[in-house]
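Listed below, chain by chain, are the residues.
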Amino acid sequence: QVQVVESGGGLVQAGGSLRLSCAASGRTFSDYGMGWFRQAPGKEREFVAAISGSTYTTTYADSVKGRFTISRDNGKNTVYLQMNSLKPEDTAVYYCAQRERYSYSSITANRYEYRYWGQGTQVTVSS
């Protein structure tokens, strides 16, 4: 069974940085794209960033381009989200997810193409 677990959330001041980590197990990690999503209270879950299984292609939401970086270490079965220049509007629960469909090269921002989700980790940015 696939398990996805996020960590690294916390409270930071505006302009600060955090690095989130996500460990996935249960399937060959490098065969599947991974994504980060976030959800603020009362809002829909939204796409943040995604990375392909082993070609390391990335894509980002416009709201985080230039500030966030997604990466992965397939030897550790871990995906990271480096968040710099954080803003109060980045405050949300951040979720890591693994795609259902096998692909080492494709990427998608569509949350409905991700099947396995972590429990979420809270990121709070204060001013």
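Residues numbered from 1 in each chain as written. Predicted model: local features only at pLDDT ≥ 70, side-chain atom pairs only at ≥ 80, totals over all residues. Heavy atoms only, no water.

Time to look at the state of the cysteines. Under the defined criterion, the tally for this structure stands at one disulfide. Here Cys22 is linked by a disulfide to Cys96, with a sulfur-sulfur distance of 2.0 Å. Measuring handedness by torsion sign, the sulfur bridge of Cys22 and Cys96 sits at about -80 degrees and is left-handed. Taken together, the positions of Cys22 in strand β3 (residues 18–25) and Cys96 in strand β9 (residues 92–99) put the pair 74 residues apart, joining distant regions of the chain. (Disulfide = S-S within 2.5 Å. Helix = DSSP H or I, 4+ residues; strand = E, 2+ residues; numbered from the N terminus.)

Among the secondary structure elements, Asp90 is positioned in the loop between β8 (78–83) and β9. Here Arg38 takes part through its side chain, which lies 2.9 Å from a polar atom of the side chain of Asp90. (Polar contact = N/O pair within 3.5 Å; in protein donor to acceptor, adjacent residues only side chain to side chain.)

What follows is about unusual backbone geometry. The backbone phi angle of Asn77 is positive, close to 50 degrees, even though this residue is not glycine. Here Asn77 lies in the loop between β7 (68–73) and β8. When its relative accessible area of 28% is taken as the criterion, Asn77 is described as partly exposed. In this structure, Ser85 takes a positive phi of about 50 degrees despite not being glycine. Note that Ser85 resides in the loop between β8 and β9. Overall, Ser85 belongs to the partly exposed group, its relative accessible area being 41%. (Buried < 20%, exposed > 50% of the residue type's maximum accessible area, 1.4 Å probe, protein only.)

Attention now goes to the environment of Pro88. Residue placement: Pro88 occurs in the loop between β8 and β9. Sequence spacing of Pro88 and Ser7 is 81 residues, and the spatial spacing of their C-alpha atoms is 20 Å. Those residues within four positions of Pro88 in sequence are excluded, and the remaining contacts are Ala14, Val125 and Ser127. (Contact = heavy atoms within 4.5 Å.)

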